[in-house]
Each structure stands twice: as C-alpha cells, then as structure tokens.
Amino acid sequence: MTNPELFDESSPVDVADAMPSATPLEGTVAMVTGASSGIGAATAAALAVRGARVALVARRKDRLEELAAAIRERGGTALVLESDITEEQQATDAVERTVAEFGRLDTLVNNAGVMLLGPAVGAPLTEWQRMVELNVLGLLYCAHASLPHLLKAAEDGPRRVADMVNVSSVAGRVARAGRGVYNLTKHGVGAFSEALRQEVTRQHVRVSLVEPGAVATELVTHVRPEVVAALQGQVAGVQPMQAGDIADAIVYIVTRPRHVAVNEMLIRPTEQE
Ligand SMILES: NC(=O)c1ccc[n+]([C@@H]2O[C@H](COP(=O)([O-])OP(=O)(O)OC[C@H]3O[C@@H](n4cnc5c(N)ncnc54)[C@H](OP(=O)(O)O)[C@@H]3O)[C@@H](O)[C@H]2O)c1
C-alpha cells in the first residue's frame, strides 16, 4: 500500500516515472571486440537478446561461431569476424565489414584486452608489447575506424545517439607494484576516453569508460604462474564478479535515453577492498 507521507509537495514523485526508461536496442548494430570469452562474450549476448545485431570480433573463430549459434538460436543476429585487432588493417576491416553487412554501427564495445602482470625488473618485453599493442593500439584502431559510423548513427539513426564503451579496469584508476604496464595501458584508455568524450558528446556520441574489479574470466590464465602465485593473496576470499555482471552494466550504459550519458562506471566485487 502507498504511504501518502512519502509523497508531499516538496517531492512530487510521479510513480509512472519510476518505470525503467531504457531505450530498446532493436534496429541497432553493435560491434564487440574480445567476444570469444569473458566480458566480451557476455556483453555481445546481452546486447543481442535486447535486439541489437552484433558483430563478434576476436581471433578464436570456433568460439565466436559457438556464441553466434547460441545467439541465433534465441532469434538474434550475429556476424563472426575473426580478427586480430592489433593489426591495423584487420581492426579497420572488422568495422567496415560490420557496416557492410548490417548497414550501420551504433555501438562499439572496445573490450579486448590482456593483463600480463609481474614486476618490471626482468619482465619479458614481449608481454609489455602485447599489452600496448592490444589494450592501447587495438582499441585505438577500432575507435578510429568506428567514429565516422558512430557519428553518422547519432546524426541520422532512429535513436539519434551512439555509444563507444571502452573497457578499462580498476587498474586504470589505481597503480600498483607489479602491474605497471597494465596500469599504463588502462590509464591511457581512461585519458583517451575522456578527451574523446569531450570531442564528440555534442554530436551525441557517448564515450563511456567501464572499470571492473575482479571478474572470473580467462584473463588471469595468461599471467605467468609464478606471478599468479604471488598475486593470489590480494584477492583471497573475495567472491569475484561474473562476466554477466559487467555485461549488465554495459547494457545499462547503452540503453540510457539520448540525453543521459554514463561517462564512467567503477564496479568492484563487494568484498574487494
Ligand atoms: N577479468 C577481470 O578481472 C577484468 C578486470 C578489469 C578489466 N578487465 C578487462 O576486461 C576486458 C576483457 O577481459 P576478460 O576478463 O573478459 O578476459 P578474457 O576472457 O581473456 O577475454 C579477452 C578477450 O580479448 C580477445 N583478444 C585477445 N587478443 C586479441 C586480439 N589480438 N585481437 C582481438 N581480440 C583479442 C580474446 O579473444 P581471442 O583470444 O579469441 O582473440 C578474448 O575474447 C579486458 O580489456 C580486461 O583488461 C577484466
């Protein structure tokens, strides 16, 4: 039963306004990088079930095909794009093939990333190169190729708004020993996102930054075993988030009404200090 005291003249709440105001994704097109596992796969699925046609980008084609089949079974539309986005041409081709196939691009989720932790002294330089090439350059290639299409979607699409969601990390906020180059790449993603946001927001391209804490994915499997052992204490006893928890946040961001831009979202497991 409604308590009339909750609604006095100083707070004229219209209960009808409390209904969800999400805008539907039917008719929109999204490209998700790193869609073969973890956060990217969950995000692509979440966007697809809400009506977006999704382009799935990663190197492991079999995993993308599996996800595409599952999306199609649910009545969705998915395009598999086997691409290594650290190669500029492949990143650009992924964007152009998405637009060629679906006719537009409303949403880019720049999610593909790698986290190769460990002390700087004696670190294999190849690990640093891989992180910069994927987390920074790969993201930039996709952003650069997508921007004209996002601007066009925001100008003449039915929703007249478009989204670029860049997946950073808590590591993009806080630097810690043993994570320097990962921190560097994710801080860079944050800096680029904010500058780009200012450039395109008046044209209704929303640039959003998502900064997850620990999520149970394959990310840590690429870290050298001796480094994993040293890090284990930091998250001991913490129940990690699931990839779907971050997908949920990304869906929230891209379904806001045109006049609302969620610029940044920092999301930690409740137990992560
Ligand atoms: N898990 C966490 O705790 C956590 C926390 C904060 C932020 N993040 C961020 O979340 C994002 C997704 O990570 P995740 O946790 O979901 O890890 P994940 O399961 O390892 O996913 C990484 C994705 O990136 C793709 N990828 C790797 N190299 C690529 C390349 N050269 N070209 C195209 N795609 C490539 C992988 O696919 P292929 O190998 O098939 O190419 C995979 O789909 C990353 O940016 C990560 O930094 C994760």
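Above this text you will find the structure in question.
Residues numbered from 1 in each chain as written. Predicted model: local features only at pLDDT ≥ 70, side-chain atom pairs only at ≥ 80, totals over all residues. Heavy atoms only, no water.

> Kindly report on the overall build of the protein chain, identifying the contributing residues and their values.
Scanning the protein chain from N- to C-terminus turns up seven helices and seven strands. In sequence order, the secondary structure elements of the protein chain are arranged as β-α-β-α-β-α-β-α-β-α-β-α-α-β. For the protein chain, whose C-alpha radius of gyration is 19 Å, the value lies close to the compact-globule estimate of 19 Å for 273 residues. With the principal axes as the frame, the protein chain shows a C-alpha extent of 65 × 50 × 40 Å. When burial is assessed residue by residue, the protein chain has 48% of its 273 residues classed as buried. Taking the intrachain contacts of the protein chain between residues at least 6 apart in sequence as the baseline, contacts between residues at least 24 apart amount to 72%. When the accessible area of the protein chain is evaluated, it comes to approximately 13,900 Å², of which 53% is carbon and sulfur surface. Put simply, the protein chain has 25 plus and 33 minus side-chain charges, and the middle of one group is 2 Å from the middle of the other. (Helix = DSSP H or I, 4+ residues; strand = E, 2+ residues; numbered from the N terminus. Rg over C-alpha atoms; globule rule 2.2 N^0.38 Å. Buried < 20%, exposed > 50% of the residue type's maximum accessible area, 1.4 Å probe, protein only. Contact = heavy atoms within 4.5 Å. Areas by Shrake-Rupley, 256 points an atom, 1.4 Å probe, with all protein chains shown as cover. Lys, Arg positive; Asp, Glu negative; His and termini not counted. Charge placed at Lys NZ, Arg CZ, Asp CG, Glu CD.)

> Explain unusual backbone geometry to me, and be specific about the residues and the numbers.
Among all residues save glycine, negative phi is the norm, and among peptide bonds the norm is trans. With a phi angle near 55°, Arg-160 is a residue other than glycine that sits in the positive phi range. You will see that His-204, though not glycine, has its phi angle at about 65°, which is positive. Using a relative accessible area of 25% as the deciding quantity, one classes His-204 as partly exposed.

> Outline the site of the ligand, supporting the account with residue identities and numerical values.
In the neighbourhood of the ligand, 29 residues make up the surrounding shell, with Ser-36, Arg-59, Asn-111, Tyr-182 and Thr-217 lying closest. Between an oxygen atom of the ligand and a side-chain N or O atom of Ser-36, the distance comes to 2.8 Å. Within the backbone of Leu-219, a nitrogen or oxygen atom sits 3.5 Å from an oxygen atom of the ligand. Looking at the shell around the ligand, the elements that each hand over two or more residues are helix H1 (38–49) and helix H5 (180–200). (Near = heavy atom within 4 Å. Polar contact = N/O pair within 3.5 Å; in protein donor to acceptor, adjacent residues only side chain to side chain.)

> Give a description of helix H4 (residues 125–156) that names residues and reports values.
When the terminal C-alpha atoms of H4 are compared, their 45 Å separation across 32 residues agrees well with the 46 Å that a helix rising 1.5 Å per residue should span. The axis of H4 is deflected most strongly, by about 45°, at Ser-146, and proline Pro-148 appears within four residues downstream. (Expected span 1.5 Å × (residues − 1). Bend = angle between axes of the 7 residues up to and from the residue.)

> So, the pairing of strand S4 (residues 107–110): which residues are in play, and what are the values?
Neither face of S4 is exposed, since Thr-107 and Val-109 on one face and Leu-108 and Asn-110 on the opposite face are all buried. In terms of strand pairing, strand S1 (residues 29–33) meets S4 through three bridges, oriented parallel. Directly across from Ala-30, in S4, lies its bridge partner Thr-107. Examined bridge by bridge, S4 and strand S5 (residues 162–167) share four bridges and lie parallel to one another. Counterpart to Val-109 in the pairing with S5 is Val-165. (Pairing = 2+ DSSP bridges.)

> Tell me about a nonpolar patch on the surface, and name the residues and values.
A surface patch of nonpolar side chains, amounting to about 220 Å² of accessible area, comprises Val-132, Leu-137 and Leu-184. The topology assignment puts Leu-184 in helix H5. (Patch = residues over 30% accessible without salt bridge, like charges linked within 9 Å, V, L, I, M, F, W, Y side chains within 5 Å. Salt bridge = Lys/Arg side-chain N within 4 Å of Asp/Glu carboxyl O.)

> A description of the pattern of salt bridges should follow, citing residues and the corresponding values.
As enumerated under the stated definition, the model contains 11 salt bridges in all. The salt bridge partner of Arg-224 is Glu-226, with a shortest N-O separation of 3.5 Å. Taken together, the shared-partner salt bridges in this structure form one network comprising Arg-60, Arg-63 and Glu-218.

> Account for the side chain of Thr-98, with residues named and values stated.
Mapped onto the elements of the fold, Thr-98 is located in helix H3 (residues 88–102). Residues contacting Thr-98, with those up to four places away along its chain left out, are Val-29, Met-31, Ala-55, Leu-79, Leu-81, Gly-103, Arg-104 and Leu-105.

> Can you explain the pairing of S5? Please cite residues and give values.
A large share of S5 lies buried, amounting to six of its six residues. Neither face of S5 is open: one carries Ala-162, Met-164 and Asn-166, the other Asp-163, Val-165 and Val-167, and all of them are buried. This β-α-β element, S4 to H4 to S5, shows right-handed connectivity. Here S5 pairs with strand S6 (residues 205–212) via six bridges, running parallel. Opposite Met-164, over in S6, you have Val-207 as the bridge partner. (Right-handed = clockwise from strand over helix to strand, strands pointing away.)

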